[in-house]
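Here is how the chains run, residue by residue.
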Amino acid sequence: MTSKRIARVRQELRNLRLDAFLVTALPHVRYLTGFSGTNGLSLITPRRHLFFSDSRYKRQAQAEVHGATHHITQRELIDEAGRTAAGRTPVRIGFEAAHCTVMQHRLLRKSAGKSTLVPTTGVMEQIVAVKERDEVSAITRALRISERVLDHLLPMIRPGVSELDLAAEISYQHKRFGADGDAFPPLVASGARSAFPHAKPTGNRIRSGQIVLLDFGCSINGYNSDMTRTVVVGRVPAGVRKMYSAVLEARDRAIDAIRPGIRASVIDGVARRVLDARGLGELFVHSLGHGVGLSVHERPRISSLSSETLESGYVVTIEPGVYRPGVGGIRIEDIVCLTRRGSRVLTKAGRTLLVV
Ligand code: ZN
Ligand code: ZN
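Residues numbered from 1 in each chain as written. Chains lettered and ligands numbered in written order. Predicted model: local features only at pLDDT ≥ 70, side-chain atom pairs only at ≥ 80, totals over all residues. Heavy atoms only, no water.

1. Description of the coordination of the zinc ion (ligand 1)
Okay, step 1: Protein coordination of the zinc ion (ligand 1) is provided by Asp 215 (OD), Asp 215 (OD), Asp 226 (OD) and Glu 333 (OE), with donor distances spanning 2.0 to 2.5 Å.
Okay, step 2: Coordination geometry of the zinc ion (ligand 1): the four donor atoms subtend angles of 56 to 148° at the metal centre, consistent with an arrangement described as irregular.
Okay, step 3: Donor residues binding the zinc ion (ligand 1) come from one chain and are separated in sequence as D-x10-D-x106-E. (Donors = N, O, S within 2.8 Å, 3.2 Å for Na, K, Ca; no water. Tetrahedral: all angles 85-135°; square planar, octahedral: opposite > 155°, others 65-115°.)

As structure tokens, this is what we get:
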């Protein structure tokens, strides 16, 4: 498994005429090595794969990382890896420009000596975007757990309970149902706060007639789920029902249209046109979706500005939303896997407006 992944990185080494490639983003290190700790780095050359970590992770690395030579060091990993990559004669060393701090870059510049540092973007992002079957099944398992948590949560959503109570329950139940933990801190927003697309939960208590927007996910073996559902407590105002049906139609049309070979911006446009036609386009203030996997947000970005073309094996969210300031917001977020024949929706949770 990992050897196939390393082979793909080596292909990129050839394309970019690199003698070595430093992988510093932890989700990418995990992808290549299986390492689940918080300090690890991979160095890949045409012949070698070296894994760097510190002494806290010596035994864990022995258990998790196979097929790479282990370097346990007390130095900064990038410093040690830079020295190793540079060797005696100057070479071209690629690194992940989006995952290297200024401090790390300084250290690397020093340790690499006369070697050339080549900033790269999107090398690993492109490789991890195309999921293998096991990866899709880990994401699906994480989704199933979040769906169970939603079922468990619905009876708790009633007047008097706070957003923080619900967020804490989501985190607790994720673990109880077998997840490694939350994929990201759960978003629970009630009433007018649901009009903030990424509102943090507060001590606000839920009142009758309010919208409660829930966006949460968990992780299994490092793979994340991501799901949004909108709940109304008590009677549903007619305006909210209208907004909901528009968002659902935007979600349905986008999912009908999604397939390999289509541009991400076209899919974003499909959803946006549905909302425009209902006079809600201005209230759809974010992009339609994003790739999900070892990171909650990864390639591709499904937005009007995206230049990416979707490929078989991509796993993406479709999450149209409308947010009326002072009133509230509606969002529906599902995960879709692109297949050779088209697409498959991985989210099984119902999509009708939840009324409690
Ligand atoms: Zn989400
Ligand atoms: Zn999302």
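Past the structure itself, the notes keep going.
2. Notes on the domain arrangement of the protein
Often, the extent of an interface is quoted as the loss of accessible area on bringing the components together.
Okay, step 1: In terms of domains, the protein is made up of domain 1 (2–127) and domain 2 (133–355).
Okay, step 2: Summarising the inter-unit geometry, the C-alpha centres of domain 1 and domain 2 are found 34 Å apart.
Okay, step 3: Facing seven residues of domain 1, the contacting portion of domain 2 comprises nine residues.
Okay, step 4: Around 650 Å² of area is buried between domain 1 and domain 2 when both sides are counted, 46% of it from carbon and sulfur atoms.
Okay, step 5: For domain 1, the biggest contributors to the area lost against domain 2 are Pro 27, Arg 30 and Gln 126; these three give 61% of the whole.
Okay, step 6: Joining domain 1 to domain 2, the criterion identifies one salt bridge.
Okay, step 7: Here Glu 135 ties to Arg 5 by a salt bridge, and the two come within 3.9 Å at their closest N and O atoms.
Okay, step 8: Elements with a minimum of two residues in the side of domain 1 that touches domain 2: α2 (26–33) and α6 (123–129).
Okay, step 9: A per-element tally of the side of domain 1 that touches domain 2 places α2 first, with three residues. (Domains from an automatic or database assignment. Contact = heavy atoms within 4.5 Å. Buried area = accessible area lost by both parts, 1.4 Å probe. Salt bridge = Lys/Arg side-chain N within 4 Å of Asp/Glu carboxyl O. Helix = DSSP H or I, 4+ residues; strand = E, 2+ residues; numbered from the N terminus.)

3. Some words on the coordination of the zinc ion (ligand 2)
Okay, step 1: Each protein donor to the zinc ion (ligand 2) is listed here as Asp 226 (OD), His 290 (NE2), Glu 319 (OE) and Glu 333 (OE); together their distances run 2.1 to 2.2 Å.
Okay, step 2: Around the zinc ion (ligand 2) sit four donor atoms; with metal-centred angles ranging over 77 to 152°, the donor geometry is irregular.
Okay, step 3: Counting along the primary sequence, the residues that act as donors to the zinc ion (ligand 2) give the motif D-x63-H-x28-E-x13-E.

4. Brief notes about the pattern of salt bridges
Okay, step 1: Applying the stated criterion to the full structure yields 18 salt bridges.
Okay, step 2: Residues Arg 144 and Glu 147 are paired through a salt bridge, measuring 2.8 Å at the closest nitrogen-oxygen approach. Of this pair, Arg 144 and Glu 147 both sit in helix α7 (residues 133–153), three residues apart, which is roughly one turn of that helix.
Okay, step 3: Overall, Glu 147 belongs to the buried group, its relative accessible area being 9%.
Okay, step 4: For the salt bridge of Asp 252 with Arg 251, the shortest nitrogen-to-oxygen distance reads 2.7 Å. (Buried < 20%, exposed > 50% of the residue type's maximum accessible area, 1.4 Å probe, protein only.)

5. A few points about the nonpolar core
Okay, step 1: Ranked by internal contacts, the top residues of the largest apolar core, which has 56 residues, are Met 124, Ile 157 and Leu 214.
Okay, step 2: Per element, the largest residue contribution to this core is nine residues, and it comes from α7.
Okay, step 3: Composition of this core by domain shows at least three residues from each of domain 1 (2–127) and domain 2 (133–355).
Okay, step 4: Beyond its immediate sequence surroundings of up to four residues, Ile 157 is in contact with Leu 166, Val 212, Leu 214, Val 231, Val 233 and Val 356.
Okay, step 5: In terms of nonpolar packing, the next biggest core, distinct from the first, is built from 35 residues, Ala 129, Ile 318, Val 322 and Leu 353 among them. (Core = buried A, V, L, I, M, F, W, Y, C linked by side-chain atoms within 4.5 Å.)

6. Section: the packing of aromatic side chains
Okay, step 1: Summed over all chains, the structure comprises two aromatic pairs.
Okay, step 2: Summarising the aromatic geometry, the rings of Phe 35 and Tyr 57 are spaced 5.2 Å apart at their centres and angled 90° between planes, so their arrangement reads as edge-to-face. You can see Phe 35 sitting in the loop between α2 and β2 (40–44) and its partner Tyr 57 sitting in the loop between β3 (49–53) and α3 (58–64), a full 22 residues away along the chain. In terms of burial, Phe 35 and Tyr 57 fall into one category: buried. (Phe/Tyr/Trp six-rings, centres within 6.5 Å; stacked < 30°, edge-to-face > 60°.)

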